[in-house]
Structures are given as structure tokens and as C-alpha cells.
Amino acid sequence: MIPGLSAAQAERREFWGELCPGMSIECGRVATSATVGDLDALFANLKREGYVQVPGALAESAIAPIRYAVSTLFQRGIPLAFAFVYDELWLAFQGLSQFLTSVLGEGYLALPDFWVWHVNPNENALGWGPHRDRLIPTIDADNSPQTLTVWLPFTDATPLNGCMYMLPAHLDDRFRQRRWDGKDNTVVHNPQDIRALPATAGSMLAWNQAVLHWGGRGSRLGTAARISAAFEFQRADRLPFNNPLLDPGRMPTFTERLGLIGKQVLQYRHMYPLTDDVAEIATSLFQRFMPGTVAPMGAAATR
């Protein structure tokens, strides 16, 4: 059994409500639009740099409950993807619809790919290592993205608690070569090209899925954990990059969330090796609440 979570508890809405009383499940709330600024300028920067960063996109009132919930899961030893059982995580990403529409077009879709992090400020904690989210072509000739990762920090992300690092697209030979795979695809030839991206709580970071990026290592000199979440999206005029595609404007039901959470735990097991108990609960949720879909084998197929 996962510390603090049994298979029976995972399927009980009451358990999650009692665990984080300040969070909601299927309460019918409507997302508040994020503050992202000049959409045309953001899109231009996204095509050149491969990423954008917008401070103050989400209000403190929206992110404070999420921060508390993720901390609670972390303290209980519950896989952090279970934070997506709550409405607040979904609402945070739904609030970005105007930005996502400007980049991916009308009718854009959410991929069944999301995750949550709690990186402590110590040398034993770190974010995901250098990688590109997808190793197949996901950008047009002008670097317009066909898929997009959106990353939201709910605490300040600093170099001392594992902030994001990016190799900007215009400094990466891979974008000139239009080649993303190969064993050397994480090599940085000039370390001075690396860009640290400290971000205040409530910021929005988004990047195309070909850009090289990673989370840093924590330090005992830090003062707070880095708590964050990411979700992936794609254009509607492309074949699915993963299944099942989701309507980003519809709030999944409680059981749909459980199935999707089970999928995340299984498909990201290459990042977090699973104990037998965790694998059993995730597999049960996936099989019960996502019937008819193929079980993930570890890394998502395109990674």
C-alpha cells in the first residue's frame, strides 16, 4: 500500500475531500482567465526562442490552495499526480485558453500528459533531467508549434530549488537541422547559451516540445520547495500525439480523473520507478476508468 493511500481510498471522493478540505471536486466552477499580455508578441517570441515566460499570469488566490494540496500529498507519500483529482488544477490550465488558442488555434486539444512536482531545497532533490518532450517533428517550418507544454509554478522557482533551464531554440543547432532524436540530442556545445528561468509563483512558462530543457537540482541554501505542474496540448489539425485526447474546456468527471492519473503514473515510470503497490493502484485505476485504451509501457511512445 502507498503510505497514506490504499486502493479503496483512491476511489473514494470523500477521502480526497477530507484530505484537502479547501479543494473541490466537480463543483461546477468556471475558470478565471489568466493574465498573459500581448498574444502576438508572445507567439513571435515562442517561435524564435522556443519558449515564453509570463509573470503574474495566475492570482495568488488561485494557486495557494494548489500549493497546500501538493504539499499535503507530498507529506503523506501520495504520488503527486493525484493533485489532479481536484478541480483547481484543471481550472488553472483552463484559464490559459486564450493564450493556447492564439498559439495552437481554435479547437486545440489537451493531451493526456500532465505531472506535478515538489522539489525540496536540498542537494538530494532535483527536477527532470535534460530532455526534449517529443523526439518526432512537432513544429512547422517557421517553428510554430503543433504541440505545447505549459508549466505553472505555484511557489517561486529559483536556482536553489530547481528552476527551469532552457537552451533557446535560436541557439540550438537542432532547430537548423530539424532533427530531435539521437543519443547526442541533449548535448549543449556552449554552456553560455543555457538560460536559467527563475519564475515567481503564478507565472506561466510554455515551450514547444522540441526545445531542450530541464529542472535544476535543489540546494540547502534554498528557503522553500519548488511546487509546480505541467500539462501538454496539441493542435486539432494533427493526428493525436497520445490518446485519448481531451476537450480542454470540459472538466473531467471524478472517475475520469482517476483513470488519467493512473495513466500518468504508469507512463512516467521511467522518471519515477514504481513500487509494486504504486503500480498496482495505478494499473487498477487505469483499467477500471479508462477501458478500451492501451496501457502505457513506461515512457510515452514519442519521448
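Residues numbered from 1 in each chain as written. Predicted model: local features only at pLDDT ≥ 70, side-chain atom pairs only at ≥ 80, totals over all residues. Heavy atoms only, no water.

You'll find the protein entered in an unreviewed UniProt entry as Phytanoyl-CoA dioxygenase, with Mycobacterium asiaticum given as the organism.

A. Looking closely at the layout of surface pockets. Of the pockets and cavities examined, the largest pocket occupies roughly 470 Å³. Lining of the largest pocket is provided by 23 residues; of these, I78, P79, L80, W115 and Y272 occupy positions nearest its centre. With 5 residues, the top contributor of residues to the lining of the largest pocket is strand β2 (residues 109-119). Considered class by class, the residues forming the lining of the largest pocket number 19 nonpolar, 3 polar and 1 charged. (1 Å grid on protein atoms, 1.4 Å probe; cavity = no way out; pocket = protein on both sides within 12 Å on 5 of 7 lines; lining within 4 Å. Points joined across faces, edges and corners; volume = space filled by probe spheres on them. Helix = DSSP H or I, 4+ residues; strand = E, 2+ residues; numbered from the N terminus. Nonpolar A, V, L, I, M, F, W, Y, C, P; charged D, E, K, R; others polar.)

B. Inspection of the sheet that holds strand β8 (residues 226-234) at higher detail. Taken in spatial order, the 5 strands make up an open sheet running β1-β6-β3-β8-β2, and their pairing is antiparallel. Pairing within the sheet leaves two strands with one partner each, and these edge strands are β1 (51-54) and β2. Neighbour-to-neighbour, the strand axes of the sheet open up by a mean angle of 15°, direction not taken into account. Bridge count between β1 and strand β6 (residues 204-208): 4 bridges; the pairing is antiparallel. In the strand pairing of β6, V52 is matched with A206. Running over the sheet, helix α4 (residues 60-76) touches β2 and β8 and is turned about 65° from β2. Docked against the sheet, helix α5 (residues 87-94) engages β2, β3 (147-153) and β8, running at close to 60° with respect to β8. (Pairing = 2+ DSSP bridges. Axes fitted to C-alpha atoms, helices over the stretch in contact; angles between N-to-C directions. Contact = heavy atoms within 4.5 Å.)

C. Representation of the side chain of H131. Along the chain, H131 falls in the loop between β2 and β3. Engagement of the side chain of H131 in a polar contact is seen with the backbone oxygen of G129, the distance being 2.6 Å. (Polar contact = N/O pair within 3.5 Å; in protein donor to acceptor, adjacent residues only side chain to side chain.)

D. Just the sheet that holds strand β7 (residues 212-215), in detail. Spatial ordering of the open sheet is given by β5-β4-β7, a layout of 3 strands whose pairing is antiparallel. Each end of this open sheet is capped by a strand with a single partner; those strands are β5 (195-197) and β7. If you compare each strand with its neighbour and ignore which way they point, the axes differ by 25° on average. Where strand β4 (residues 164-167) lies against β5, 3 bridges are found, and the strand directions are antiparallel. Looking at β5, one finds that M166 is bridged to R195.

E. Main features of the confidence of the model for the protein. Of all residues in the protein, 97% attain a pLDDT of 70 or more, and the chain-wide mean is 94. Low confidence marks residues 299-303, where pLDDT is under 50. Its contacts with residues over four positions away, or in another chain, come to 14 contacts. (pLDDT = per-residue confidence, 0-100.)

F. How the structure looks around the environment of E88. Looking at the secondary structure, you find E88 in helix α5. What E88 contacts, discounting residues up to four positions off in sequence, is G22, M23, S24, R29 and I66.

G. Structural detail: the pattern of salt bridges. Counted by the stated rule, this structure contains 18 salt bridges. We note a salt bridge from R48 to E49, for which the minimum N-O separation is 2.8 Å. Overall, the relative accessible area of 49% leaves R48 in the partly exposed class. The exposure class of E49 is buried, given its relative accessible area of 13%. (Salt bridge = Lys/Arg side-chain N within 4 Å of Asp/Glu carboxyl O. Buried < 20%, exposed > 50% of the residue type's maximum accessible area, 1.4 Å probe, protein only.)

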